[in-house]
Amino acid sequence: MANVILFGPPGAGKGTQAKYLVDKFSLFKISSGDLLRKEIKNETELGNKIKSIIDQGSLVDDNYIDGLIEKIISNKKYFNMLIFDGYPRNINQAKTLDSLISKYDQKISCVFSLKVDHEVVVKRILGRQTCLSCGLIFNTFFSPSTKENHNCDEKHLQKRSDDNEATIIKRIKTYDIKTLPVLNYYSDQNLLCEIDGMREISIIYKEIRAIMHTLDTWLYMVHLYK
Ligand code: AP5
Ligand code: MG
């Protein structure tokens, strides 16, 4: 069994790939962004504190993130079956993750780094629509929701409040400064697997899926019996 990480700039396709991989390998997704947006939607104390930070494109304080993440890693139900989407976001978070992984006797098998040019991610983010009912992610430019690929009512399709041009530029800057150094951290641990994220969604998915099969016999067994 193995935990994996999906890494990449805003709009790289982490959430899109995570959804397919979760369905295929019966993994549980930890998206720190989704967890934070849930806090905002539920108007919790934390949600009210972080809304403006997310809308500015900055990173939320590590202390808020650590608790949310530990709650899931410590759950035996998800033991070594996690796919991290957009976490860790800085070196401190990567170190915290390492200590949590060892505290709960688990391991990280691979960090998939999706490489996508900055100009492309801007267009991807501006066109993104997420279905609040089924979780599928669409794009008005590249992969619109249609009757053939989506069963839910159109009213569930939503744009994120941080998906506007000004915030995207700040998010990309934050990524370059704070998040990119995490790549070296995992490269030093020989965990990095670079993926060309400029290709079609299905081609990227097939490549990651093939690598996942080689990661662990258990994952392969799950696949065989699906
Ligand atoms: P988060 O929600 O993590 O956002 P992000 O990292 O900016 O990444 P996105 O969700 O925008 O992109 P994605 O890679 O998931 O792309 P997607 O698959 O949707 O974080 C949001 C905010 O929360 C942060 O800015 C920060 O404030 C805070 N935060 C989150 N985690 C934090 C942490 N750990 N610490 C501190 N703060 C944190 O795809 C995008 C679009 O492109 C979609 O429309 C999709 O259909 C399309 N697409 C995907 N792949 C392709 C492809 N191959 N070809 C064409 N189109 C594609
Ligand atoms: Mg995402």
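Here we summarise the structure given alongside this text. (Residues numbered from 1 in each chain as written. Chains lettered and ligands numbered in written order. Predicted model: local features only at pLDDT ≥ 70, side-chain atom pairs only at ≥ 80, totals over all residues. Heavy atoms only, no water.)

So, about the sheet that holds strand β4 (residues 108-115). If you trace the 5 strands from one edge of the open sheet to the other, you get β2-β3-β1-β4-β8, paired in parallel fashion. The open sheet has two edge strands with one neighbour each: β2 (28-31) and β8 (192-196). Averaged over all neighbouring strand pairs, the angle between strand axes comes to 20 degrees, with direction disregarded. By the bridge criterion, 3 bridges tie strand β1 (residues 3-7) to strand β3 (residues 82-85) in an arrangement that is parallel. Across the sheet, residue Val-4 finds its bridge partner in β3, namely Ile-83. (Pairing = 2+ DSSP bridges. Helix = DSSP H or I, 4+ residues; strand = E, 2+ residues; numbered from the N terminus. Axes fitted to C-alpha atoms, helices over the stretch in contact; angles between N-to-C directions.)

Summed over all chains, the structure comprises 6 aromatic pairs. With centroids separated by 5.9 Å and ring planes inclined at 40 degrees, the aromatic side chains of Phe-84 and Tyr-87 adopt a geometry described as tilted. Measuring from ring centre to ring centre gives 6.2 Å for Phe-141 and Phe-142, while their planes differ by 65 degrees; the resulting arrangement is edge-to-face. A relative accessible area of 48% means that Phe-142 is categorised as partly exposed. Of note, Lys-123 hangs over the ring of Phe-141, and the distance from its end group to the ring centre comes to 4.9 Å. (Phe/Tyr/Trp six-rings, centres within 6.5 Å; stacked < 30°, edge-to-face > 60°. Buried < 20%, exposed > 50% of the residue type's maximum accessible area, 1.4 Å probe, protein only. Lys NZ or Arg CZ within 6 Å of the ring centre and 35° of its normal.)

Close to ligand 1 lie 36 residues; Thr-16, Ser-58, Arg-128, Phe-138 and Arg-171 are nearest. Contact distances for ligand 1 include 3.2 Å between an oxygen atom and a backbone N or O atom of Ala-12. Within the side chain of Arg-171, one N or O atom sits 2.6 Å away from an oxygen atom of ligand 1. Considered on its own, ligand 1 offers 1,000 Å² of accessible surface; in the complex 96% of this is hidden by protein. Of all elements in the fold, only α1 (14-25), α2 (32-41), β6 (137-139) and α9 (201-215) reach the threshold of two or more residues within the shell around ligand 1. At 4 residues, the largest contribution of residues to the shell around ligand 1 is made by α2. A breakdown of the residues in the shell around ligand 1 according to their chemical character gives 14 nonpolar, 12 polar and 10 charged. (Near = heavy atom within 4 Å. Polar contact = N/O pair within 3.5 Å; in protein donor to acceptor, adjacent residues only side chain to side chain. Areas by Shrake-Rupley, 256 points an atom, 1.4 Å probe, with all protein chains shown as cover. Nonpolar A, V, L, I, M, F, W, Y, C, P; charged D, E, K, R; others polar.)

With antiparallel pairing, 3 strands are arranged side by side in an open sheet as β6-β5-β7. The open sheet is flanked by β6 and β7 (157-158), the only strands paired with a single partner. Alignment of strand β5 (residues 128-131) against β6, held across 3 bridges, turns out to be antiparallel. Looking across to β6, one finds that Arg-128 is bridged to Asn-139.

Attention now moves to the nonpolar core. Formed by 29 residues in total, the largest nonpolar core has its most connected members in Ile-5, Ile-69, Ile-73, Phe-84, Leu-97, Ile-108 and Tyr-186. Among the elements of the structure, β1, α3 (45-56), α4 (62-73), β3, α5 (91-103), β4 and α8 (181-188) are those that each provide at least two residues to this core. The element contributing the most residues to this core is α4, with 5 residues. Not counting chain neighbours up to four residues away, the residues in contact with Phe-84 comprise Asn-3, Val-4, Ile-5, Leu-6, Ile-30, Ile-69, Ile-73 and Leu-97. Grouped together as the second largest cluster of nonpolar side chains are 24 residues, Ala-18, Val-116, Ile-208 and Met-212 included. (Core = buried A, V, L, I, M, F, W, Y, C linked by side-chain atoms within 4.5 Å. Contact = heavy atoms within 4.5 Å.)

Going residue by residue along β3, you find Leu-82 and Phe-84 tucked away on one face and Ile-83 and Asp-85 tucked away on the opposite face as well. Bridge count between β2 and β3: 4 bridges; the pairing is parallel. Each residue of the ladder has a partner; that of Ser-31, found in β3, is Asp-85.

Our next topic: the environment of Leu-27. Residue position: Leu-27 is located in the loop between α1 and β2. On the basis of relative accessible area, Leu-27 is assigned to the buried category, the value being 7%. C-alpha separation for the pair Leu-27 and Ala-2, spaced 25 residues apart in sequence, amounts to 9.4 Å.

Turning next to the pattern of salt bridges. As enumerated under the stated definition, the model contains 14 salt bridges in all. Residue Lys-49 is joined to Glu-45 by a salt bridge in which the shortest nitrogen-to-oxygen separation is 3.8 Å. Residue Lys-49 and its partner Glu-45 are both found in helix α3; the two are separated by 4 residues, about one turn of the helix. A salt bridge links Asp-163 to Arg-128; the nearest nitrogen and oxygen atoms lie 2.9 Å apart. Taken as a pair, Asp-163 in the loop between β7 and α7 (165-179) and Arg-128 in strand β5 lie far apart in primary sequence, 35 residues in all. For Asp-163, a relative accessible area of 5% corresponds to the buried category. In this structure Arg-128 comes out as buried when scored by relative accessible area, which is 13%. (Salt bridge = Lys/Arg side-chain N within 4 Å of Asp/Glu carboxyl O.)

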